[in-house]
Amino acid sequence: MASSEEDGGGNGAVEEKENGKKRRLGALATAWLIFYNVAMTAGWLVLGIAMLRFYIQKGTHRGLFRSVQKTLKFFQTLALLEVVHCAVGIVRTSVLVTGVQVSSRIFMVWFIAHSIKQIQNEESVILFLVVWTVTEITRYSFYTFNLLNHLPYFIKWARYNFFIILYPAGVAGELLTIYAALPYVKKTGMFSLRLPNKYNVSFDYYYFLIIVMFSYVPLFPQLYFHMLRQRRRVLHGEVIVEKDD
């Protein structure tokens, strides 16, 4: 009996130690997420101010992308950490969904706007830049205040209302930008691999971009209606029952 009690006490101590470790890890994860979201809010806010200042000073959007591209590239690429957050479990979101969303943004920045300089002054580039900036300032500030357990209603309202217009506008800007890039890609053959080659593999970036454009057709409605369901649940308290396919 004495041995049994000692074993029980030992297990309780181990369990308490494990729980304490989990609490410490949870606190560290929360602290890191607060820091990350504050930094991202500030970064996109700096980007937005820089864009506004450029337009006020120059009176045109021409050259705007070039003037803010370093800040844009840094903070958009930094968003890859969000995939890591999901992978290690400190954020309970699908790694696949987050990965697709982040990689699509990075693709637009590095493999379209950065790589094809002839389209950098297109109005569609400015459209998705403005949309992304407003969206990210709203999104990261929402996460920050939520983690601090002090979420102003306006931030919550903005998070679940701005997307109604911003999401379609952003998609339009991205699609129009890819469309504007097609003639240059076809003419130069950039990022394409022609046969014959030592790898015996063929890749045509021009047709790849067309496939990317068509992929928006099934993906956009799913994400958009998911956000609408989330909006009803958060702002109006509706209980949403997901239907099994």
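Placed above this text is the structure.
As the structure is a computational prediction, the values presented were derived from the model and not from experiment.

Calculation rules
- Residues numbered from 1 in each chain as written.
- Predicted model: local features only at pLDDT ≥ 70, side-chain atom pairs only at ≥ 80, totals over all residues.
- Heavy atoms only, no water.
- Helix = DSSP H or I, 4+ residues; strand = E, 2+ residues; numbered from the N terminus.
- Expected span 1.5 Å × (residues − 1).
- Bend = angle between axes of the 7 residues up to and from the residue.
- Buried < 20%, exposed > 50% of the residue type's maximum accessible area, 1.4 Å probe, protein only.
- Polar contact = N/O pair within 3.5 Å; in protein donor to acceptor, adjacent residues only side chain to side chain.
- 1 Å grid on protein atoms, 1.4 Å probe; cavity = no way out; pocket = protein on both sides within 12 Å on 5 of 7 lines; lining within 4 Å.
- Points joined across faces, edges and corners; volume = space filled by probe spheres on them.
- Core = buried A, V, L, I, M, F, W, Y, C linked by side-chain atoms within 4.5 Å.
- Phe/Tyr/Trp six-rings, centres within 6.5 Å; stacked < 30°, edge-to-face > 60°.
- Lys NZ or Arg CZ within 6 Å of the ring centre and 35° of its normal.
- Salt bridge = Lys/Arg side-chain N within 4 Å of Asp/Glu carboxyl O.
- Contact = heavy atoms within 4.5 Å.

Peer 1: How should helix H8 (residues 205-236) be read in this particular structure?
Peer 2: Given 3.6 residues per helical turn, the α-helix brings residues three or four places apart onto the same face. If you check H8, its first and last C-alpha atoms are 45 Å apart, about what 32 residues at 1.5 Å a residue would give, namely 46 Å. The largest bend along H8 reaches roughly 35° and is located at Leu219, with the proline Pro221 sitting one to four residues downstream. Taken residue by residue, H8 has Tyr205, Tyr206, Leu209, Val212, Met213, Tyr216, Tyr224, Met227 and Leu235 as its buried positions. For H8, the capping residue at the N-terminal end is Asp204, with a side-chain oxygen 2.9 Å from the backbone nitrogen of Tyr206. Remark: Gly237 follows H8 within two positions and exhibits a positive phi of approximately 70°.

Peer 1: Hey, could you run me through the layout of surface pockets in this one?
Peer 2: In this structure, the second largest pocket spans a volume of roughly 170 Å³. Taken together, Gly48, Met51, Leu52, Tyr55, His61, Leu64, Ile126, Val130, Thr133, Val134 and Ile137 make up the full set of residues lining the second largest pocket. Looking at the lining of the second largest pocket, the elements that each hand over two or more residues are helix H1 (2-58) and helix H5 (123-147).

Peer 1: Help me out: how do you make sense of the nonpolar core in this one?
Peer 2: Nonpolar side chains in soluble globular proteins tend to be buried together. Counting 40 residues, the largest nonpolar core has Trp44, Leu72, Ile112, Leu129, Ile178 and Leu209 as its most contacted members. Mapped onto this core, the elements with two or more residues apiece are H1, helix H2 (64-78), helix H4 (95-114), H5, helix H7 (163-188) and H8. In this structure, Ile155, Tyr160, Phe163 and Leu235 belong to the second largest nonpolar core, which totals 7 residues.

Peer 1: Just checking my understanding: could you explain the packing of aromatic side chains for this structure?
Peer 2: A ring pair, where both rings are aromatic, is described by two values, the distance of the centres and the angle of the planes. Counted by the stated rule, this structure contains 22 aromatic pairs. Seen in terms of ring centroids, Trp32 and Tyr36 are 6.3 Å apart; in terms of plane orientation they differ by 35°. Their pairing is tilted. Of this pair, Trp32 and Tyr36 both sit in helix H1, separated by 4 residues, roughly a single helical turn. What makes Trp32 partly exposed here is its relative accessible area of 33%. Tyr36 gets classed as buried once you look at its relative accessible area, which sits at 4%. Ring pairs connect the aromatic residues Phe107, Phe111, Phe191, Phe203, Tyr205 and Phe208, which therefore count as one cluster. The ring of Phe142 is capped by Arg159, whose NZ or CZ atom sits 5.7 Å from the centre of that ring. Looking at Arg159, its charged tip hangs above the ring of Tyr160, at a distance of 5.8 Å from the centre.

Peer 1: Help me understand the pattern of salt bridges in this model?
Peer 2: Side-chain pairs of opposite charge can arise where the charged atoms are in close proximity. All chains considered together, the criterion is met by 4 salt bridges. Among the ionic pairs, Arg139 bridges to Glu136, the shortest N-O distance being 2.8 Å. Of the two residues, Arg139 and Glu136 both sit in helix H5, 3 residues apart, roughly one turn of that helix. Like Arg139, the residue Glu136 is buried in the burial classification. Each of Glu82, Arg105, Glu136 and Arg139 takes part in one network of salt bridges that share partners.

Peer 1: When you look at unusual backbone geometry in this model, what are you seeing that I'm missing?
Peer 2: The omega angle of the peptide bond from Leu195 to Pro196 is 0°, so this bond is cis rather than trans. On the secondary structure map, Pro196 appears in the loop between H7 and H8. The phi dihedral of Phe191 falls on the positive side, at around 60°, and the residue is not glycine. Its place among the elements puts Phe191 in the loop between H7 and H8. Phe191 sits in the partly exposed class, given a relative accessible area of 40%.

Peer 1: Just to check I follow, could you spell out the side chain of Glu136 for this structure?
Peer 2: Taking the relative accessible area as the measure of exposure, Glu136 reaches 3% and is therefore buried. Polar contacts involving the side chain of Glu136 include one to the side chain of Arg139, which spans 2.8 Å. Residues contacting Glu136, with those up to four places away along its chain left out, are Trp44, Arg105 and Ser141.

None of the figures reported here should be taken as evidence of function without further support.
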